[in-house]
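Structural overview for review
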Amino acid sequence: MGKLSKLPKLYLAFVFIILYTPIFYLLYYSFNSGGTMSGFESFTFEHYAAVFEDTRLIMILINTIVVALLSALVSTAIGVLGAVTITFIRKKALRNAILSMNNILIVSPDVIIGASFLILFTLVGVKLGFASVLISHIAFSIPIVVIMVLPKLQEMSPSLIDAAIDLGASRRDVLTRVIIPFIKPGIFAGFFLALTYSLDDFAVTFFVTGNGFSTLSVEIYSMARAGVTLTINALSGLIFIVTLLLVFGYYAINRKSKNPFSGVRK
Amino acid sequence: MKDIIRVSVVILAVSAILIFINAKLANTGGASGKNSITVFNWGEYLDPALLKQFEEETGIKVIYETFDSNEAMMTKIEQGGTTYDIAVPSEYAIEKMKESDLLIPIDKAKLPNLKNIDPYFLDLAFDPENKFSIPYFWGTLGIAYNPELLDGQTFESWEDLWDPSLEQEVVLVDSAREVIGMGLNALGYSLNSTNISELEEAADKLRTLQPNIKAIIGDEITQLMVNGEAAVALTWSGQAADMMWDNEDIDYAVPEEGSNLWFDNMVIPRTAKNIDGAHAFINFMLDAEIAAQNADYVGYSTPNLAALDFMDPEVIQDERYYPDEEARNHLEVYKNLGLEMLGTYNELFLGLKMDLQ
């Protein structure tokens, strides 16, 4: 890639400034001793201390993370199998029909998905709480995983599978030793996308939380009447920093594994 | 394949550890076991220290959850699938919940502390004899203003808003009943009026306020007032208290022609599982010292007469939050006017907003 000239650089800087200003504005005021988002008084860590003292907030944060991890894991497993099945459906019409049904779930508004889950859970008699949130998060993450994995599968040459079968691989071996290693980047991409979708989902979660179980986005929203406290700024700051570390960590691992032997599987 | 399995195992292990930590945290309150109640309240509307104290005193564990609007709360309860033992709706929501049969009558024999509540706040139109609800906090609708930005105007009367010197200075809260109610009050009518000609007169009256109106907005009012970008606002006493907390220049007044008196109340929803625990909680919140501590934390006015002895005398002598008998006589609680009438209010308000553009 050639060096960027001045104008594209400026444009890039401008876009990044617009994207990051709100976050840094929020972070800046998390150190404000004044207690509001207007007028910076003096530097303090007290809002960060308040985050760790508020056990309820910590519990909600943990709830949010657990739901995100588990829902991403389960939806990735289901989504990968779904994508593999879709690829190997022979009838083109059926394949396209299933794919379209998958895509409809992605574009349909969260509010509708959330409301229909609420009605479904009440009908079936599932108590609102951890289970209802987890199930609905898994459900809306699956189509995303499918979409992330499909292109990788389509990229794969069918002769790879033929070769594997010729060499005596069982169907199981084909899946675990040929297909899955090939589409691994897609699987991880799907997992992380599902993770972020679950972490920041508000609309669906809003309908299915209950009985004392809540996630961070729903909790912050319900503070609207009395005003969001700077504790939330501090918490957002902490989450932002952890995300940053994760991204750097991921990047570092990725670079390390790019050594010439990484392609060989044992 | 191997590393995918490895990653999956790590994720499961991390989740298990987090769930374990959460279970530990949930038990730090001093209470554990099966005896628990679930409380459904507005965000930032209860001193969290009191929940711990309640758990220590009674051994009943409190699961606490928050909501942001009466409508959201009612939907959750109406749909079932939840087992809230306590909820805190506003008075108009209680009427609706009563109609939909969503409430359990309160057994007053289990509430010895009910005697602490000022009789003035009991037995009101929305819930005669307090069969279903116990008052939690109350407040008024009035005018918040910043004397620093004005030349000495005061707001003893709604008429003062029409003062020509306030051109482009007045901010109104974006809510039909509040704004139309203000028009009705300014003309000396009841804010529960169902008389169409009175309502239209009120709308016409409000139209003449147009040159003074800077904006009709929602929660942003607090920020505008705090930053000094607006001088006068029609708002609730609770919101005014928030403004004053951040900007000491701001003052609040309830015009003498009358205004709205609002309540948030504790109720026991139909879906409650631990009705004894719910009564214990209500009784705990009615305790004088507890109510005083809570009012101090939340900053709204408490209906608990006995609690006033434990509060900062400066706060309870403040007529803006604790108006005297005479001023109270002019205040009215919203009545449920029915869907059709509410539609009329909304239409008039919409017409008013369109004329503003």
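Residues numbered from 1 in each chain as written. Chains lettered and ligands numbered in written order. Predicted model: local features only at pLDDT ≥ 70, side-chain atom pairs only at ≥ 80, totals over all residues.

With that settled, the discussion passes to the overall build of chain A. Helix and strand counts for chain A come out as 11 helices and 0 strands. Taken from the N to the C terminus, the helices and strands of chain A come in the order α-α-α-α-α-α-α-α-α-α-α. For chain A, the spread of C-alpha atoms along the principal axes amounts to about 75 × 60 × 35 Å. Pairs at least 24 apart in sequence give 79% of the contacts found in chain A among residues at least 6 apart. (Helix = DSSP H or I, 4+ residues; strand = E, 2+ residues; numbered from the N terminus. Contact = placed C-beta atoms within 7 Å.)

All names here are of chain A. With 91% of its residues at a pLDDT of at least 70, chain A reaches an overall mean of 85. Ranking the helices and strands of chain A by mean pLDDT puts helix α6 (residues 130–155) first, with 92, and helix α11 (residues 230–256) last, with 82. Contacts from residues 259–266, a stretch scored under 50 in pLDDT, to residues over four places away or in other chains number 2 contacts. (pLDDT = per-residue confidence, 0-100.)

On to helix α4 (residues 91–99) of chain B. Residue and element names in this part refer to chain B. Buried within α4 are the following residues: Glu91, Ala93, Ile94 and Met97. Buried residues of α4, seen end-on, are gathered within an arc of 150 degrees and therefore sit on one face of the element. Tucked inside the fold, the buried residues of α4 contact α3 (70–79), β4 (133–145) and β9 (259–267). Directly beyond the C-terminal end of α4, a positive phi value near 60 degrees is found at Asp101. (Buried ≥ 20, exposed ≤ 12 C-beta atoms within 10 Å, placed from the backbone. Arc of directions from axis to C-beta.)

Residue-level contacts link 37 residues of chain A with 38 residues of chain B. Elements with a contribution of two residues or more to the side of chain A that touches chain B: α3 (55–87), α5 (110–124), α8 (171–200) and α10 (216–222) of chain A. The element that contributes the greatest number of residues to the side of chain A that touches chain B is α3 of chain A, accounting for 11 residues.

A word on the environment of Val126 of chain A. Counting through the fold element by element, Val126 of chain A comes out in the loop between α5 and α6. Apart from the residues lying within four places of it in its own chain, the contact partners of Val126 of chain A are Phe121, Ala131 and Ser132 of chain A together with Gly81 of chain B.

Next up on the list: the nonpolar core. Residues Ile86, Ala144, Ile180, Val232 and Phe281 of chain B are the most contacted members of the largest nonpolar core, which totals 91 residues. Among the elements that line this core, the one with the most residues is β4 of chain B, at 8 residues. Of the residues that make up this core, three or more belong to each of domain 1 (31–132 + 268–316) and domain 2 (139–261 + 325–356) of chain B. Not counting the four nearest positions on each side in its chain, Phe281 of chain B is found in contact with Ile37, Val39, Phe54 and Ile86 of chain B. Of all hydrophobic cores here, the second largest spans 42 residues; its members include Val146, Ala194, Val208 and Val218 of chain A. (Core = buried A, V, L, I, M, F, W, Y, C linked by C-beta atoms within 7 Å. Domains from an automatic or database assignment.)

Residue and element names in this part refer to chain B. Burial analysis of helix α5 (residues 176–186) places 9 of its 11 residues in the buried class, the great majority of the element. Among all positions of α5, only Glu178, Val179, Ile180, Gly181, Met182, Gly183, Leu184, Asn185 and Ala186 are buried. Considering only its buried residues, α5 is in contact with β4, β5 (170–173), α6 (196–207), β7 (232–236), β9 and α13 (338–356). A positive backbone phi angle near 90 degrees is found at Gly188, which sits one or two residues after α5.

So, on to the pairing of β5 of chain B. All names here are of chain B. Two strands pair when backbone bridges link them, and β5 and strand β6 (residues 213–217) are joined in this way by 4 bridges, in the parallel orientation. Paired with Leu172 across the strands is Ile216, a residue of β6. Both β5 and β7 contribute to a ladder of 2 bridges, which runs parallel. The partner of Val170 across the bridge, within β7, is Val232. (Pairing = 2+ DSSP bridges.)

The next subject is unusual backbone geometry. Residue and element names in this part refer to chain B. Notably, Asp123 is not glycine yet its phi reads approximately 55 degrees, a positive angle. Tracing the backbone through its elements, the reader meets Asp123 in the loop between α4 and β4. One non-glycine residue, Asn130, lies in positive phi territory at about 50 degrees. Along the chain, Asn130 falls in the loop between α4 and β4.

Bringing the packing of helix α4 (residues 92–107) of chain A against α6 of chain A into the picture now. All names here are of chain A. As a packed pair, α4 and α6 sit with axes 9 Å apart at the nearest point and diverge in direction by 120 degrees. With respect to α6, the axis of α4 lies oblique. The way α4 lies across α6 gives a crossing that is left-handed. The residues of α6 that touch α4, namely those facing Asn102, Leu105 and Ile106, are Pro143, Ile144, Val146 and Ile147. Of the residues in the contact of α4 with α6, the class split is 6 nonpolar, 1 polar and no charged. (Axes fitted to C-alpha atoms, helices over the stretch in contact; angles between N-to-C directions. Parallel < 35°, antiparallel > 145°, perpendicular 65-115°, else oblique. Left-handed = near helix turned anticlockwise from the far one by under 90°. Nonpolar A, V, L, I, M, F, W, Y, C, P; charged D, E, K, R; others polar.)

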